[in-house]
Amino acid sequence: MGQAPRTRRRWRLSPAGRIRLVGVASVGILCLVLWNLVAIQGVDQQQAAQRALEGRLTEVAIPAHRGVIQTADGTTLASNAARFRVVVDQQNVADYADEDGEPLGAWGAAQDLATVLDTDPGLLHPKLDGDRRWNVVATGLTSEVRDEIAALDIPGITFEEYAIRSYPSGAVAGSLVGFVGSDGEPLAGLEYRYDDQLAGVDGVQQYERGLRGERIPLGDTSITPAVDGTGIRLTIDPTIQHYLQEAAAEAADEHEAEWASIVMTDVKTGKLLAAAESPSVDPNDPSAVDAEDRGARVFTAAFEPGSTAKMITVAALLEEGLHTPTDEFTVPDRWTAPNDEEFRDSSAHEDQKLTLTGILAQSSNTGTILAGDKLSSDQRYEYFTRFGFGEATAVGFPGESSGVVHPVDEWDGRTKYTVMFGQGMTATAVQTTAAMAAIANGGVLPQTQLVDGTVDASGRFTPAETTAGTRVVSEETADQVLDMLEHVVVDGTAGNAAVPGYRVAGKTGTAQAPAEEGGGYDGYTASFVGVAPAEDPRIAVSVTLQRPRKGYYGGQSAAPVFSDVTGFALRHLRVPLSTGEPSDTPTEWE
Amino acid sequence: MSAPVRTMPPRATAAPRRSPVVPARRTQRRLRLVLPEPARPRVSTAVQVLLIVLVGVVVGLVANILVSHTTFKVQELTDQQTALQDQRDRLSEDIAYRESPQNIASFAEENGMKRDTSPQFVDLSTGEILTPEQAGGADPAEESPVRIPGPRADAREDVRPNLRSPERLPVVGGDAGEFTAPAQTPPGG
């Protein structure tokens, strides 16, 4: 039985079917488009708008103003200044044209900018020509220069503002103020110490911009304002500070000293009126001086105080009732201790008949040992620490040294004697000045103060909390020591410290300076620390010259500087002339 | 164009009368000419709509113009504020430089002023003029003996970028990488 040939069946759509198919496909595509449309306009509308907005939004930082640093009278030591950098969109600069529409392009822009920036167009052109959308042309512009450039109306040129730290008083108190780097990070001094307080919090501004980078006037905008830092006001008097810096520089120069420092403090309050030194740093250009000259030596450099420490030994003797100012001594130029340690005065002399006041006035080492030998080692240590030696001040200056007063059990056979005339221990200039202030302040050691308070953005001053001073010796003892110290100037080694019209009390110091590399001494530290007026002390001043090559005795080199700066400060502070005469306390006996 | 003709349902009032002898006849519907209802005032409606739209558009435009105007005014005032702030900053910076002790001393010396190194005093109670004796060691200079580096006002031109030479002073504040800071901890600490 034959099978009928299998006919291959082909699917063919009728014309109506095709139309239906096309229709269905069209409807499908249409639905797809519609769905997408709905999704964009309805479901995904916010996200799409957000994405578009993000594309247009740009953020600009609003720099917070760092707190200012002022002197006691409000003179600015550190503040902020706005500077601008010129930024170019190179693709738009090509459209630069003159008033007649004549195209000038990048070269024309370079020529016009060079006139304002005082430079060569050939150097500017490579910065303007190209297809980069953001390129820095120049930085550090003041607002005057910015306005001049803006007036050129060069397409694609915009400005970015940034803040710099400015030090309008230059090197005046520069070593105290410290400095910041170009990134605004504090690197030294009070800038570093009070950074938490001085630094503010940057704000941010968001706005919409068009394709050419221009701001869209009606676009979204938001501002998170910056929070400015809180400023600080120092106790420093700028006029005195400036004068003392000049005096320190002159003294260092004249005596060819490694460095010189002068510290002046108010004896009643402990406020530092000036803390000068040379060499010193100009915070505007710290790299101009060596690294070791960029700090504040008055706080960081500890040196043997030498004979200025004798006032502490004498105060201890009087306070403990072991001696009186008129006790008599026969003082040789050499003296050998029971442990065979030998001590001598700075120069050979016959035996001298000196009172305790005379020993201090003549700055006799052997006499100080003879008198001070009645003090136990513990008493010697106790009185030095009572007067603030061996402990950093409350200022907390970065890198501040506490000085060294070794515990008694670390003293060798020589140190137990040398410590009485300021050797075998170290102190900073600020510590020595504070100790003198304690004697001048009736036996109360005032807390050393450098920061007087804070200043907010509106300039409102809030005083810092202060702590009452610490009594270290009785008022009677302090007065007696002060009287003895006046005889140092009147009858002793410090005649050069006298100030016209004012009574002065003080003590010279000449100590050996240990070599930096160790292995002995390689110079001297000449110093003088004193107060004025002696009858009612207002200021305590210390002058220190490190390793002077000309005139290394404190009475020769440091005392005249004291006279100069103290006289200036007393007149500046309108302190009335001294009245009365020094006491007739004998310095010698028959 | 003719009015549309509608067929109406039979009147409810025309109830069929029944006759006992006559067989029931099929009721015939009667066509009736329905007159079109009076045309509504279409033109005035369109005008109203148009007016509403127009007013809406105008109000929108005016509001937009007002908002734009206010925005531009705000922008203008903001620009003025910025300019005034710039001016204030400029003047503050200038005053700070002029108030520095170095500049005051410098201006004083330029104007022939000298330091008083031998002052005299008047006793207010007696009117006596007191002349203190000169001290032995003090030898203060009448003029600034040593120049303390002054503020950058002395070299403010250097703040401008100078692209000719890289040796000009850096922007105020320097670069942290250019120099090292002094020790921030106590010796041995």
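Only a predicted model underlies this, so the values are computations on that prediction, with no experimental measurement involved. (Residues numbered from 1 in each chain as written. Chains lettered and ligands numbered in written order. Predicted model: local features only at pLDDT ≥ 70, side-chain atom pairs only at ≥ 80, totals over all residues.)

## Concerning the overall build of chain A
Then comes step 1: Counting secondary structure elements, chain A contains 19 helices and 21 strands.
Then comes step 2: Taking 590 residues into account, the globule formula puts the C-alpha radius of gyration at 25 Å, and chain A, at 38 Å, lies well above it.
Then comes step 3: With respect to the principal axes defined by its C-alpha atoms, chain A has extents near 160 × 80 × 45 Å.
Then comes step 4: Relative to its 590 residues, chain A shows a buried fraction of 49%.
Then comes step 5: If you take every contact in chain A between residues at least 6 apart in sequence, the share linking residues at least 24 apart comes to 72%. (Helix = DSSP H or I, 4+ residues; strand = E, 2+ residues; numbered from the N terminus. Rg over C-alpha atoms; globule rule 2.2 N^0.38 Å. Buried ≥ 20, exposed ≤ 12 C-beta atoms within 10 Å, placed from the backbone. Contact = placed C-beta atoms within 7 Å.)

## Details of the overall build of chain B
Then comes step 1: When you go through chain B residue by residue, the secondary structure sums to two helices and two strands.
Then comes step 2: The order of α-helices and β-strands along chain B, N terminus first, is α-α-β-β.
Then comes step 3: A buried classification covers 13% of the 189 residues belonging to chain B.
Then comes step 4: Pairs at least 24 apart in sequence give 54% of the contacts found in chain B among residues at least 6 apart.

## Considerations on the domain arrangement of chain A
Then comes step 1: If you check the domain split of chain A, you get domain 1 (78-96 + 105-164) and domain 2 (238-572).
Then comes step 2: Its C-alpha centre places domain 1 of chain A at a distance of 57 Å from the equivalent point of domain 2 of chain A. (Domains from an automatic or database assignment.)

## Points about the nonpolar core
The tendency in soluble globular proteins is for nonpolar side chains to be buried as a group.
Residue and element names in this part refer to chain A.
Then comes step 1: Within the largest apolar cluster, 128 residues are counted, with the highest numbers of intra-cluster contacts made by Leu244, Ile262, Met264, Ala274, Ala315, Val481 and Val565.
Then comes step 2: Looking at this core, the element that brings in the most residues is helix 17 (residues 429-440), giving nine residues.
Then comes step 3: If near-sequence neighbours (up to four positions away) are discounted, valine 481 is found in contact with Met311, Val314, Ala315, Leu318 and Ile439.
Then comes step 4: Formed by 19 residues, the second largest nonpolar core is a distinct cluster that contains Phe84, Leu113, Ile154 and Ile157. (Core = buried A, V, L, I, M, F, W, Y, C linked by C-beta atoms within 7 Å.)

## A short note on helix 12 (residues 310-319) of chain A
All names here are of chain A.
Then comes step 1: When you tally the buried positions in helix 12, you get 10 out of 10 residues, the bulk of the element.
Then comes step 2: Among the residues of helix 12, those classed as buried are Lys310, Met311, Ile312, Thr313, Val314, Ala315, Ala316, Leu317, Leu318 and Glu319.
Then comes step 3: Of the surrounding secondary structure, the elements contacted by the buried residues of helix 12 are helix 13 (356-362), helix 14 (365-372), helix 15 (377-386), helix 17, helix 18 (475-490) and strand 19 (505-514).
Then comes step 4: Directly after helix 12, the chain includes glycine 321, whose backbone phi takes a positive value near 70°.

## Description of the sheet that holds strand 6 (residues 203-208) of chain A
The strands making up a sheet are joined through hydrogen bonds of the backbone, oriented either antiparallel or parallel.
All names here are of chain A.
Then comes step 1: Reading across from one edge, 1-6-7 is the order of the three strands in this open sheet, with antiparallel pairing throughout. Two strands in the sheet have a free side with no partner beyond their single neighbour: strand 1 (57-62) and strand 7 (221-224). Looking at each pair of strands side by side, their axes are set apart by 15° on average, direction ignored.
Then comes step 2: Note that strand 1 and strand 6 share six bridges and pair antiparallel. (Pairing = 2+ DSSP bridges. Axes fitted to C-alpha atoms, helices over the stretch in contact; angles between N-to-C directions.)

## With respect to unusual backbone geometry
All names here are of chain A.
Then comes step 1: Going from serine 278 to proline 279, the amide bond is cis rather than trans, its omega being 0°.
Then comes step 2: Mapped onto the fold, proline 279 is located in the loop between strand 10 (272-278) and helix 11 (297-300).
Then comes step 3: The omega torsion across alanine 532 and proline 533 is -15°, close enough to zero to call that bond cis.
Then comes step 4: Looking at the secondary structure, you find proline 533 in the loop between strand 20 (521-532) and strand 21 (539-546).

## Some thoughts on the sheet that holds strand 10 of chain A
All names here are of chain A.
Then comes step 1: The sheet built from five strands is open, its strands ordered 10-9-21-20-19 with antiparallel pairing. The open sheet is flanked by strand 10 and strand 19, the only strands paired with a single partner. Strand-to-strand, the axes of this sheet are offset by a mean angle of 10°, without reference to chain direction.
Then comes step 2: Pairing of strand 9 (residues 259-266) with strand 21, which is carried by eight bridges, proceeds in the antiparallel orientation. Counterpart to aspartate 266 in the pairing with strand 21 is isoleucine 539.

## Here we look at the pairing of strand 16 (residues 451-455) of chain A
All names here are of chain A.
Then comes step 1: As paired elements, strand 8 (residues 231-234) and strand 16 share four bridges and run antiparallel to each other. For arginine 233, the partnering residue across the bridge sits in strand 16 and is glycine 453.
Then comes step 2: Both strand 16 and strand 17 (residues 461-463) contribute to a ladder of three bridges, which runs antiparallel. Following the sheet pairing, threonine 454 is matched in strand 17 by threonine 462.
Then comes step 3: Here strand 16 hands over to strand 17 after five residues, with glycine 459 in that stretch at a positive phi of 90°.

## A short note on the environment of threonine 224 of chain A
Residues and elements named next belong to chain A.
Then comes step 1: Along the chain, the position of threonine 224 falls in strand 7.
Then comes step 2: C-alpha of threonine 224 to C-alpha of tryptophan 259: the two residues are 35 residues apart in sequence and 49 Å apart in space.
Then comes step 3: Leave out the neighbours within four places in its chain, and threonine 224 touches Gly203 and Val204.

## Points about the packing of helix 12 of chain A against helix 15 of chain A
All names here are of chain A.
Then comes step 1: Put simply, helix 12 and helix 15 touch, their axes get as near as 10 Å, and they point 115° apart. Seen along the crossing, helix 12 lies across helix 15 with a hand that is right-handed. Contact residues: helix 12 offers Ile312, Ala315 and Ala316, while helix 15 offers Gln379, Arg380, Tyr383 and Phe384.
Then comes step 2: Looking at the contact of helix 12 with helix 15, its residues break down into five nonpolar, one polar and one charged. (Left-handed = near helix turned anticlockwise from the far one by under 90°. Nonpolar A, V, L, I, M, F, W, Y, C, P; charged D, E, K, R; others polar.)

## A look at the environment of leucine 244 of chain A
Residues and elements named next belong to chain A.
Then comes step 1: When you line up the elements, leucine 244 lands in helix 10 (residues 238-254).
Then comes step 2: Judged by C-beta crowding, with 30 C-beta atoms within 10 Å, leucine 244 ranks as buried.
Then comes step 3: As for leucine 244 and glycine 108, which are separated by 136 residues in sequence, their C-alpha atoms are 54 Å apart.
Then comes step 4: Leaving out residues up to four positions away in the same chain, leucine 244 has contacts with Ile262, Met264, Ala274, Ala276 and Val565.

## Points about the packing of helix 12 of chain A against helix 14 of chain A
All names here are of chain A.
Then comes step 1: Look at helix 12 against helix 14: their axes get within 10 Å of each other, and the N-to-C directions meet at 25°. Classified by the interaxial angle, the pair formed by helix 12 and helix 14 is roughly parallel. Here helix 12 runs over helix 14; the crossing is left-handed. Each of Lys310, Thr313 and Leu317 in helix 12 lies in contact with helix 14, whose residues at this interface are Thr368, Ala371 and Gly372.
Then comes step 2: When grouped by side-chain class, the residues that make up the contact of helix 12 with helix 14 number two nonpolar, three polar and one charged. (Parallel < 35°, antiparallel > 145°, perpendicular 65-115°, else oblique.)

## Some remarks on helix 18 of chain A
Residues and elements named next belong to chain A.
Then comes step 1: For helix 18, with 16 residues, the first-to-last C-alpha span of 23 Å sits near the 22 Å given by 1.5 Å per residue.
Then comes step 2: Extensive coverage of helix 18 is indicated by the burial of 12 of its 16 residues.
Then comes step 3: Along helix 18, the residues that are buried comprise Thr477, Ala478, Gln480, Val481, Leu482, Met484, Leu485, Glu486, His487, Val488, Val489 and Val490. (Expected span 1.5 Å × (residues − 1).)

## With respect to the environment of proline 537 of chain A
Residue and element names in this part refer to chain A.
Then comes step 1: Relative to the helices and strands, proline 537 resides in the loop between strand 20 and strand 21.
Then comes step 2: The class of proline 537 is buried, set by 23 C-beta atoms lying within 10 Å.
Then comes step 3: Between the alpha carbons of proline 537 and valine 504 there is a distance of 8.7 Å; along the sequence they are 33 residues apart.
Then comes step 4: Ignoring any residue separated from it by four or fewer positions in sequence, one finds proline 537 in contact with Val267, Ala440, Val531 and Ala532.

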